[in-house]
Amino acid sequence: MVKNNKADIPDNLSNKQVKISPKKRFDNIIRAMRVLSDELDYERLCKKIIKEIEKLNIADRIVLLNNNNIEGKLFLEYGINKTDNEIVNYRSTLFTNSKILPNDVITKSLLEKKMILGKEPFEDVILKSDKYVELIKPMSLLCLPIIYQNELIGMIYLENYASKDIFQPQVIDELKILASQAGISLKNTKQYKSLEKSFELEQLSRRTEENYSELKNELISNISLELNTRLNGIIGITESLIRGTAGKLTEDVEYNLSLISSTGKQISFIANDILDFSKLETTEIVLKRKPVDLKKIANYVGSLSGILIGDKPIKFRNKIGRDIPLVLGDENKIQFVLYDLVNNAIKYTKEGAIVVSADIVDKMVEVSVSDTGVGITPDMLGSIFKKISDIKTAAQKKGFSGFSLAIDKYLVELHKGTINVESKVNEGSRFSFTLPLFDEKKFNKKYKTLKPFETSLDPEPDTIDTDKSVYHKGINILVVDDEPLMAQLIKNYFALYNYNIEIRLDGYSTIKSLEKGDEYDLIILDIMMPDISGLEVARQIRQKYSLFELPILIITARNQIADLVEGFEAGANDYLLKPFDGNELVSRAKTLIKLRRLTKVNLILQEATEFKNPFINMTVHDLKNPLNVIQGISLMLKDYYGKESEQTEMLSLINESSTLMSNLINELLENAHLESGKVAVNKSEINMNDVVKEVLTNNKARANSKEQTLVFSPGPESSSFINGDNIRLHEIIDNLINNAIKFSPKGKSIFVTVKNVKAQKNIKYVRCEIRDEGPGLTDEDKEKIFGKFQRLSARSTGGESSTGLGLSIVKQLVELHDGTIWVESEYGKGTTFFVQFPVKDTGKSIDLKF
């Protein structure tokens, strides 16, 4: 490594370049570019860039800097000195923190995105005044930004101590072409690394089903089961009261109980769909097709509509005739769509009627829901049915652009049907969707042997017995070359692999094809074409598609460095020189197609993730409202019957079950908010002693019910203040203390301590410790305790339930406060949770007693 001392600079270096022919120099550059283009490992690529520049024999010192996705900041990655002949790893050091570079010179090159060339005597003010240049006194230096499609990827810095004329125009041209290739390759390595992770996620359900996805689905399944179990209890108790098991009821009481029963069935319906729609995140939804009676479904939806209509003067009419044949589909999904459309109609109708009907149209059954509501304005009709991919945007709007219609559209299209709407303002709307007729012969032949969906993105097998025609089927390559013979030759090279090859003989038809919506996995593009060049075609493609959404492989007969640079700047991913080897063509095409397919998987995962949280949000809200109805009515009826009655005991069970369900879905909602980044943290000066004291006071009754003792040791008042959100801090401490109460045996103590500690870099923290005398944690439990949807081996001592989300939410909230949380435990000897936040010094002193 070069040090900041002139004595460390060697004085016997020579940079006399061996004269070689232009063709040989060009061949060397082409070889170097291929070396870089074939490398997808970031560290190896950086070292190769250094080595290829070193082979030019133009610099005594070479440094590679990289933009690590932090706008406007460069980091030292690797470098080499001729005296050492060993590549140095600078471990991503911010260049402004380094004393081994001319920071002022590099900053100027960075800001202007331009090359800076300097030689002794330095005339540029920046070069002359830079402290590093003054100290080291190189004979010449060069800062060359690595830029691709106007994006700063990094920078190459070179120094020469023996010659001031080493960086000749020809040398600079060679460096520019290497920098262009380095830019593409560096971008490829970053993208490839992230795509590899995405690809691993896409394969997660098959390779590691015991991990996150399995735990999540198990949790959601358990929650759905727990909700349904308790709902069945609520419905059963309610209907037994209606039947008079606890005595004769008044008409008003009977009506209120019927509302609880109806609402409970509605919640049960939604709870089942939580499990189904959670699978959208991993594209696991498989329709359970069977013959479905639409009139029966409409009758059920009608029975649920009463609670939605309430006091509105609206009548529900089921006009589906008995002559309407069965349809083929998933009964639950069809019921979901019909219920949602009826719900939507009731929402926007003040009075009149909601009519459900069905007719046979073009060998499909068309189901319609008509209302006499406010109608939809013409400008909204065209965009009313959002795609699943638009769900995040739809979630931010109101009215008809919400979640439900996007889900309805998705489910109908899974059934190979369509959904439409007709409407007139102030006259009403008519939503309709189509479903396939049930064909008994076809059903027995096809659908009874239907297997679950399998992704087509499985990696290509490496065995020699692989049927490549099956693997490559469905991959589309567009060949654009004005020479029919060359285009056919390229097509023949791919014929053995059964790719779908389409040929275009000019650039204009290529652009029109893409504008029309034709999709390709790769474009092989000739540069020299009449009318419009391949370079211009590439530029227009890049206006719509990114580097990895649609890869471009350019083919050229011209072996000039400037032509290749222009090709990369136009948006090419890779290149081949004519004449080329067929095996190399296919190999390069495979690499680009793999990158493109991995990018597609990444986008699918992002889309699914963006859909998941809004859907949970919507579903949770749909559950909360009817649960509030059940809680409110059960409390009202408890007051009606008084304390000492059989009815009151049953109503208490209903109220307790609905309260527990509310707690479950609140945690789901909290987790969805945290994952979406929408949790607002309103920080202010908070005394942690006060927070802990209030939480302990609120949990005293729970601890007393298990004969447990809460012991509090407050911290020093003057240094127990932090900068935090009062509500969120209460939530953190409450969850941890609740957890200790839940898992501590009867009659044990729970110790809560607030103290000051010094951690790394002498930063002061306020630490809260919650220690219990419970069963402790196994090593396996300690590893996964803060993970989402985890089920631990320990069981609560009072039958309390758990969602597996609580401690995961706590960890996220702690991190939002720049704090840390961890656990220490020895199996059989209790558990201690530690949570700490940076101290906010206030100088206050308050006497606190608990």
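Source: prediction; values computed, not measured.

Rules used in this analysis
Residues numbered from 1 in each chain as written. Predicted model: local features only at pLDDT ≥ 70, side-chain atom pairs only at ≥ 80, totals over all residues. Heavy atoms only, no water. Helix = DSSP H or I, 4+ residues; strand = E, 2+ residues; numbered from the N terminus. Buried < 20%, exposed > 50% of the residue type's maximum accessible area, 1.4 Å probe, protein only. Contact = heavy atoms within 4.5 Å. Areas by Shrake-Rupley, 256 points an atom, 1.4 Å probe, with all protein chains shown as cover. Salt bridge = Lys/Arg side-chain N within 4 Å of Asp/Glu carboxyl O. Polar contact = N/O pair within 3.5 Å; in protein donor to acceptor, adjacent residues only side chain to side chain. Pairing = 2+ DSSP bridges. Axes fitted to C-alpha atoms, helices over the stretch in contact; angles between N-to-C directions. Core = buried A, V, L, I, M, F, W, Y, C linked by side-chain atoms within 4.5 Å. Expected span 1.5 Å × (residues − 1). Arc of directions from axis to C-beta. Left-handed = near helix turned anticlockwise from the far one by under 90°. Nonpolar A, V, L, I, M, F, W, Y, C, P; charged D, E, K, R; others polar. pLDDT = per-residue confidence, 0-100. Phe/Tyr/Trp six-rings, centres within 6.5 Å; stacked < 30°, edge-to-face > 60°. Parallel < 35°, antiparallel > 145°, perpendicular 65-115°, else oblique.

Some remarks on the overall build of the protein
Right, on to step 1. Helices and strands together make up the secondary structure of the protein, namely 27 helices and 25 strands.
Right, on to step 2. For the protein, the proportion of its 850 residues judged to be buried stands at 51%.
Right, on to step 3. Contacts spanning at least 24 positions in sequence make up 71% of the contacts within the protein whose residues lie at least 6 apart.
Right, on to step 4. Total accessible area on the protein stands at roughly 41,600 Å², and carbon and sulfur atoms take up 49% of it.

Re the pattern of salt bridges
Right, on to step 1. All told, the structure shown has 27 salt bridges when counted by the stated rule.
Right, on to step 2. Of the charged contacts, one joins Arg-430 and Glu-366 as a salt bridge, the two residues approaching to 2.9 Å between their closest N and O atoms. Here Arg-430 is found in strand E13 (residues 428-436), whereas its partner Glu-366 is found in strand E11 (residues 364-370), with 64 residues between them in sequence.
Right, on to step 3. Residue class for Arg-430 comes out partly exposed when judged on its relative accessible area of 23%.
Right, on to step 4. Arg-539 is the salt-bridge partner of Glu-536, the closest N and O atoms lying 3.5 Å from each other. Of the two residues, Glu-536 and Arg-539 are both situated in helix H19 (residues 534-544); the distance of three residues between them amounts to about one turn of the helix.

Quick notes on the environment of His-817
Right, on to step 1. With respect to the element layout, His-817 can be found in the loop between helix H27 (806-816) and strand E24 (820-825).
Right, on to step 2. A relative accessible area of 2% means that His-817 is categorised as buried.
Right, on to step 3. Between the C-alpha atoms of His-817 and Val-681, which are 136 residues apart in sequence, the distance is 8.3 Å.
Right, on to step 4. Not counting residues up to four positions away in its chain, the partners in contact with His-817 are Val-681, Lys-683, Asn-723, Gly-724, Asp-725, Arg-728, Leu-729, Phe-837 and Pro-838.
Right, on to step 5. Here Asp-725 takes part through its backbone nitrogen, which lies 3.0 Å from a polar atom of the side chain of His-817.

Structural notes on the sheet that holds strand E20 (residues 709-713)
Right, on to step 1. Strand order across the open sheet formed by five strands is E20-E22-E23-E25-E24, with mixed pairing between neighbours. Taken across any chain shown, the strands that pair with only one partner, and hence form the sheet edges, are E20 and E24. For this sheet, the mean angle separating the axes of adjacent strands, direction not counted, is 20°.
Right, on to step 2. In this sheet, strand E22 (residues 749-758) lies alongside E20 in parallel orientation, the contact comprising five bridges. Residue pairing for E22: Phe-712 is matched across the bridge by Val-752.
Right, on to step 3. Helix H25 (residues 726-743) contacts E22, strand E23 (764-771), E24 and strand E25 (831-838) of the sheet and is inclined by roughly 170° relative to E25.

A few points about the sheet that holds strand E10 (residues 352-361)
Right, on to step 1. Taken in spatial order, the five strands of this open sheet run E8-E10-E11-E13-E12, and their pairing is mixed. The open sheet has two edge strands, strand E8 (314-318) and strand E12 (419-424), and neither has a second partner. For this sheet the average axis-to-axis angle between neighbouring strands, irrespective of direction, equals 15°.
Right, on to step 2. Sheet topology places E11 next to E13; seven bridges connect them, and they run antiparallel. Within the sheet, the bridge partner assigned to Ser-370 lies in E13 and is Arg-430.
Right, on to step 3. Its contacts with the sheet place helix H11 (residues 331-347) against E8, E10, E11 and E13, and it is angled at close to 175° to E13.

Notes on the environment of Asp-173
Right, on to step 1. Among the secondary structure elements, Asp-173 is positioned in helix H6 (residues 169-202).
Right, on to step 2. Take Asp-173: its relative accessible area is 42%, and that puts it in the partly exposed class.
Right, on to step 3. When the C-alpha atoms of Asp-173 and Val-565 are compared, they prove to be 9.5 Å apart, with 392 residues separating the residues in sequence.

Quick look at the nonpolar core
Soluble globular proteins tend to pack their nonpolar side chains together in the buried interior.
Right, on to step 1. Ile-58, Leu-158 and Leu-175 are the most contacted members of the largest nonpolar core, which has 66 residues in total.
Right, on to step 2. Ranked by residue count, the leading element in this core is H6, at ten residues.
Right, on to step 3. Here Leu-158 is in contact with Ile-53, Ile-58, Ala-59, Arg-61, Ile-62, Ser-140, Leu-141, Leu-142, Phe-167 and Leu-175, once residues within four sequence places are set aside.
Right, on to step 4. Judged by nonpolar contacts, the second largest core, of 38 residues, contains Ile-320, Val-337, Ile-354 and Val-356.

Let's talk about helix H1 (residues 22-37)
Right, on to step 1. Between its terminal C-alpha atoms H1 stretches 22 Å, which fits the 22 Å expected from 16 residues at 1.5 Å a residue.
Right, on to step 2. Taken as a whole, H1 has its buried residues at Arg-25, Phe-26, Ile-29, Ile-30, Ala-32, Met-33, Leu-36 and Ser-37. Projected down its long axis, H1 shows its buried positions confined to an angular sector of 160°, all on one face.

Things to note about the packing of H25 against H27
Right, on to step 1. At their nearest, the axes of H25 and H27 sit 10 Å apart, and the two run at 145° to each other. In the packing of H25 onto H27, the handedness of the crossing is left-handed. On the side of H25, the interface is formed by Arg-728, Glu-731, Ile-732, Asn-735, Leu-736 and Asn-739, while H27 contributes Gly-806, Leu-807, Ile-809, Val-810, Leu-813 and Val-814.
Right, on to step 2. Here the contact of H25 with H27 is composed, by residue class, of seven nonpolar, three polar and two charged.

Points about the confidence of the model for the protein
Right, on to step 1. Summarising the model, the protein shows a mean pLDDT of 77, and 73% of its residues fall at 70 or more.
Right, on to step 2. The model gives residues 843-850 a pLDDT under 50, and that stretch makes 17 contacts with residues more than four places away or in other chains.

With respect to the pairing of E24
Right, on to step 1. With burial as the criterion, only one face of E24 is covered, namely that bearing Ile-821, Val-823 and Ser-825; the residues Thr-820, Trp-822 and Glu-824 on the opposite face remain uncovered.
Right, on to step 2. Looking at chain direction, E24 and E25 are connected through six bridges and run antiparallel. Each residue of the ladder has a partner; that of Glu-824, found in E25, is Thr-832.
Right, on to step 3. Here E24 hands over to E25 after five residues, with Gly-828 in that stretch at a positive phi of 90°.

A short note on the packing of aromatic side chains
Right, on to step 1. Counted according to the given criterion, the structure contains four aromatic pairs.
Right, on to step 2. The interplanar angle of 90° and the centroid separation of 5.8 Å between the aromatic rings of Phe-568 and Tyr-575 together place this pair among those described as edge-to-face.

Description of the side chain of Arg-588
Right, on to step 1. Along the chain, Arg-588 turns up in helix H21 (residues 582-641).
Right, on to step 2. Arg-588 gets classed as buried once you look at its relative accessible area, which sits at 7%.
Right, on to step 3. Side-chain polar atoms of Arg-588 contact the side chain of Asp-574, separated by 2.6 Å.

Focus: the packing of H1 against helix H2 (residues 42-54)
Right, on to step 1. Running from N to C, H1 and H2 point in directions that differ by 170°, and their axes come no closer than 9 Å. Relative to H2, H1 is oriented roughly antiparallel. Side by side, H1 and H2 meet where Arg-31, Ala-32, Val-35 and Leu-36 of the first sit next to Leu-45, Lys-48, Ile-49 and Glu-52 of the second.
Right, on to step 2. For the contact of H1 with H2, a count of residues per class yields five nonpolar, no polar and three charged.

Let's talk about the pairing of strand E18 (residues 574-577)
Along any regular strand the residues' side chains alternate between the sheet's two faces.
Right, on to step 1. A two-sided burial pattern is seen for E18, the buried positions comprising Asp-574 and Leu-576 on one face and Tyr-575 and Leu-577 on the other.
Right, on to step 2. Bridge count between strand E17 (residues 552-556) and E18: four bridges; the pairing is parallel. Following the sheet pairing, Leu-553 is matched in E18 by Asp-574.

A word on H27
Given 3.6 residues to a turn, an α-helix orients residues that are three or four positions apart in the same direction.
Right, on to step 1. Where burial is concerned, most of H27 is hidden: eight out of the eleven residues are buried.
Right, on to step 2. For H27, the complete set of buried residues consists of Gly-806, Leu-807, Ser-808, Ile-809, Val-810, Gln-812, Leu-813 and Val-814.
Right, on to step 3. After H27 finishes, the residue Asp-818 shows a positive phi value of roughly 60°.

Here we look at unusual backbone geometry
Negative phi characterises most residues that are not glycine, and trans characterises most peptide bonds.
Right, on to step 1. In this structure, the amide linkage connecting Glu-120 to the following residue, Pro-121, adopts the cis form with an omega of -5°.
Right, on to step 2. Backbone geometry at Lys-416 places phi at a positive 65°, although glycine is not the residue there.
Right, on to step 3. Looking at the secondary structure, you find Lys-416 in the loop between helix H14 (403-414) and E12.
Right, on to step 4. With phi around 60°, Asp-818 is a residue other than glycine that occupies positive phi space.
Right, on to step 5. Checked against the element boundaries, Asp-818 lands in the loop between H27 and E24.
Right, on to step 6. The exposed category is assigned to Asp-818, whose relative accessible area is 54%.

Structural notes on the environment of Lys-164
Right, on to step 1. Inspection of the secondary structure puts Lys-164 in the loop between strand E6 (151-160) and H6.
Right, on to step 2. Along the primary structure Lys-164 and Pro-138 are separated by 26 residues, whereas in three dimensions their C-alpha atoms are 8.5 Å apart.
Right, on to step 3. Leaving out residues up to four positions away in the same chain, Lys-164 has contacts with Lys-119, Glu-120, Met-139 and Ser-140.

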